[in-house]
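# Geometric and topological summary
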Amino acid sequence: MTCPVCLDLYKFPVTLQCGHNVCKGCVLGTNARHGGGGRSMKVCCAVCRDVSRYVDERDLAINQNLMELIDVMKGDAVHKVPCHRCESVEATLYCAECSLPLCSSCSDIIHVGRLKQHKVVYSPSAVSATKRPPKCGKPGHADYRTDLFCVECNELLCVLCSQTDFGHRAHKILPVKEAAELEKIRLRDVLDSASRLRSELRSVCESLDGAMLSIERSTTEELLVFERTVDSIKERLEAKKALLMQQARVGSIENIDVLRQNRKDTVQLVAKLNESVAKVERAVAHSNYVDIMTARLEMERELLQHKPVSIEPFSLPQFSIPRYNDMVQATDQLSLEFRVADNQLPSAVIEATNLFQQKGFKWEKSTYGDSQIANRGLTVISNSSNWETIMSCTLLAQGVHYWEVKLEKYNTSNGHNVIVGVVFDGAFAMCDIIGEDENSVGFNTGKGTKTAHHDFLQPYASTAAAPRGGSSSGPGVCSFADVVGVRLDVAAQTLEFFRNGIPLGVAFAHVSRHCYPAVSLINNQQVSLTFPSRVPAP
């Protein structure tokens, strides 16, 4: 497969008369011997040294069979067509009007003058050559194309690589086309999976879009209902304000009219008295006894005719500031009326209304600062293995107060329980756990007992008749997700606890000191603070 002259693979091989093959370019470049001035030529074979005679160089016919074998071995899928003019270079162009395959140099030589108008395009073989596999980049393999594929190494190979590289001999090697077809099948499976996933994701996106649209619509409707509710409250308050101002204005005008008439009568009486006094003074000045007696009688008669001026009592409108308990009761009554009238309101509107009606407090500080206060001060999470008390900064000094503590993370298996209660004013800095001394009292949720004076197991509610340490079940023993209510009546000096709205009875009957709401936690427990619109009955 190699030329005996250039020692390389044949390039457009021709078969001499002796039967040996030589590159046509090598024949024309080195071994061609032209006869005396004519176009006849003699060619000396480089192998057997036999001389072949030809009339013209076009008699050197290219061995097409040998050329196809060389192309197959090199991996060239498309047969190379030599230039029609020089026959030593591959034809990369084709002139449709001349019907000739040409190389670029010969095309420039032929197409001059009027022949420049011929339409010259790339030859089909040249176009197909662009789709062939690239040539191997290893030294000595430049003439071979990588038309093989090693499945184990996932690598393109040429023929020489597959034969000379020992690492590929035991591997499965396929033609590039066959490997490409297998990859196409795999890619189709991947594309099918991707298409199914895309469909699922599109369905998820549509569901999310529908959910977002539904939320936007419901939120808009709830906001409209809430806005109408607030506007109704405003209208009622404005009407009440206008009525009170009108009543005050009318009462003030009536009182002013009465006072103005009384003043007019008083001025007239004073004028008549001045005339009578003047007559008496003149009579006295002239010492006329008759005039004196007459003036005295006229003055007495005048005084008898005119009664004393009386000013009727009147009262100005009084605007007193209502007490705290009255405001609480009025707010609860108004909330109840709205719930009865608008019982179809969404839960979000009722919750928003409760936010406006909140009269409570929030958790603000802890004993050591280890606990986490979240949710705008309504949630407390214990981050320590030691007891710690969390307290509000709102001092409860008057009125009736009720709040609830929900047990959101609660586990009594380790013997630790959440304690809910109060810390008396001035004792927070010394309080590690509610009930450790006389400065705090509370309710042990896990045991259902009271905590005070360093006694955390005082009988309470259903534990009154139970053994020391509290009962394991009953109305007072709390569990996960229970809600513990606390009711403090400052005037009655009572502190009472509830479980899920059920009263457990008065725990402490002589709470005479002002106090702060508090809770004691340990070991990653979590509670949240809530304020219901209605206070349960004791």
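This section reports on the structure supplied with the text. (Residues numbered from 1 in each chain as written. Predicted model: local features only at pLDDT ≥ 70, side-chain atom pairs only at ≥ 80, totals over all residues. Heavy atoms only, no water.)

## Things to note about the pattern of salt bridges
Within the structure shown, the criterion is met by five salt bridges. Of the charged contacts, one joins Lys 138 and Asp 165 as a salt bridge, the two residues approaching to 3.8 Å between their closest N and O atoms. Taken together, the residues span a long stretch of sequence, with Lys 138 in the loop between helix H4 (124-129) and strand E9 (148-150) and Asp 165 in the loop between helix H5 (159-164) and strand E11 (173-175) at a distance of 27 residues. In this structure Lys 138 comes out as partly exposed when scored by relative accessible area, which is 34%. Between Arg 260 and Asp 257 there is a salt bridge, with the nearest N and O atoms lying 3.2 Å from each other. Note that Arg 260 and Asp 257 are positioned in helix H6 (residues 176-286) at a spacing of three residues, about one turn of the helix. Using a relative accessible area of 41% as the deciding quantity, one classes Asp 257 as partly exposed. (Salt bridge = Lys/Arg side-chain N within 4 Å of Asp/Glu carboxyl O. Helix = DSSP H or I, 4+ residues; strand = E, 2+ residues; numbered from the N terminus. Buried < 20%, exposed > 50% of the residue type's maximum accessible area, 1.4 Å probe, protein only.)

## Here's the deal with the packing of aromatic side chains
Scanning the model with the defined rule gives seven aromatic pairs in all. Their ring planes at 85° and their centres at 5.1 Å tell us that Phe 361 and Phe 531 sit as a pair that is edge-to-face. Taken together, the residues Phe 361 in the loop between helix H9 (347-357) and strand E12 (363-366) and Phe 531 in the segment after strand E25 (526-530) connect sequence positions 170 residues apart. Assessed through its relative accessible area of 15%, Phe 531 is described here as buried. On the numbers, 6.3 Å between centres and 80° between planes, the contact of Tyr 460 with Phe 497 is edge-to-face. Linking Tyr 460 in the loop between strand E20 (455-458) and strand E21 (483-489) with Phe 497 in strand E22 (residues 494-499), this pair joins segments that are 37 residues apart in sequence. (Phe/Tyr/Trp six-rings, centres within 6.5 Å; stacked < 30°, edge-to-face > 60°.)

## As for unusual backbone geometry
With phi around 65°, Arg 49 is a residue other than glycine that occupies positive phi space. Tracing the backbone through its elements, the reader meets Arg 49 in the loop between strand E4 (41-44) and strand E5 (51-54). According to the relative accessible area criterion, Arg 49 is exposed, its value standing at 57%. At Asn 500, a position not held by glycine, the phi torsion is positive, near 55°. Residue Asn 500 is classed as partly exposed on the basis of its relative accessible area, which comes to 43%.

## Considerations on the environment of Ile 502
Looking at where Ile 502 falls in the secondary structure, it is placed in strand E23 (residues 502-508). Looking at Ile 502, the relative accessible area reads 52%, which means it is exposed. Taking the C-alpha atoms as reference, Ile 502 lies 8.2 Å from Pro 475; in sequence the two are 27 residues apart.

## Observations regarding the sheet that holds strand E15 (residues 388-392)
The strand order E12-E15-E24-E17-E18-E19-E20 describes an open sheet built from seven strands, whose pairing is antiparallel. If you trace the sheet from one side to the other, it starts and ends with E12 and E20, each paired once. Each adjacent strand pair in this sheet contributes to an overall mean axis angle of 30°, direction not counted. Both strand E17 (residues 419-424) and strand E18 (residues 440-444) contribute to a ladder of five bridges, which runs antiparallel. (Pairing = 2+ DSSP bridges. Axes fitted to C-alpha atoms, helices over the stretch in contact; angles between N-to-C directions.)

## Some words on the sheet that holds E21
Across the sheet, which stays open at both edges, the seven strands sit in the order E13-E14-E25-E16-E21-E22-E23 with antiparallel pairing between neighbours. Looking along the sheet, the strands with just one partner apiece sit at the ends: strand E13 (372-374) and E23. Each strand of the sheet is rotated relative to its neighbour by a mean of 25°, with strand direction disregarded. Relative to E21, strand E16 (residues 400-409) is paired through seven bridges, and the arrangement is antiparallel. From the neighbouring strand, Val 405 faces E21, where its bridge partner is Val 484.

## What about the pairing of E25?
Buried residues dominate E25, accounting for four of its five residues. By the bridge criterion, three bridges tie strand E14 (residues 379-381) to E25 in an arrangement that is antiparallel. Note on E25: the bridge partner recorded for Ile 381 is Gln 526.

## Re the side chain of Asp 489
Within the secondary structure, Asp 489 is located in strand E21. Buried charge without a partner: Asp 489 forms no salt bridge, and the closest opposite charge is Arg 487, 4.4 Å away. A distance of 3.3 Å separates the side chain of Asp 489 from the backbone nitrogen of Ala 491, its partner in a polar contact. Not counting chain neighbours up to four residues away, the residues in contact with Asp 489 comprise Gly 399, Val 400 and Thr 494. (Lys, Arg positive; Asp, Glu negative; His and termini not counted. Polar contact = N/O pair within 3.5 Å; in protein donor to acceptor, adjacent residues only side chain to side chain. Contact = heavy atoms within 4.5 Å.)

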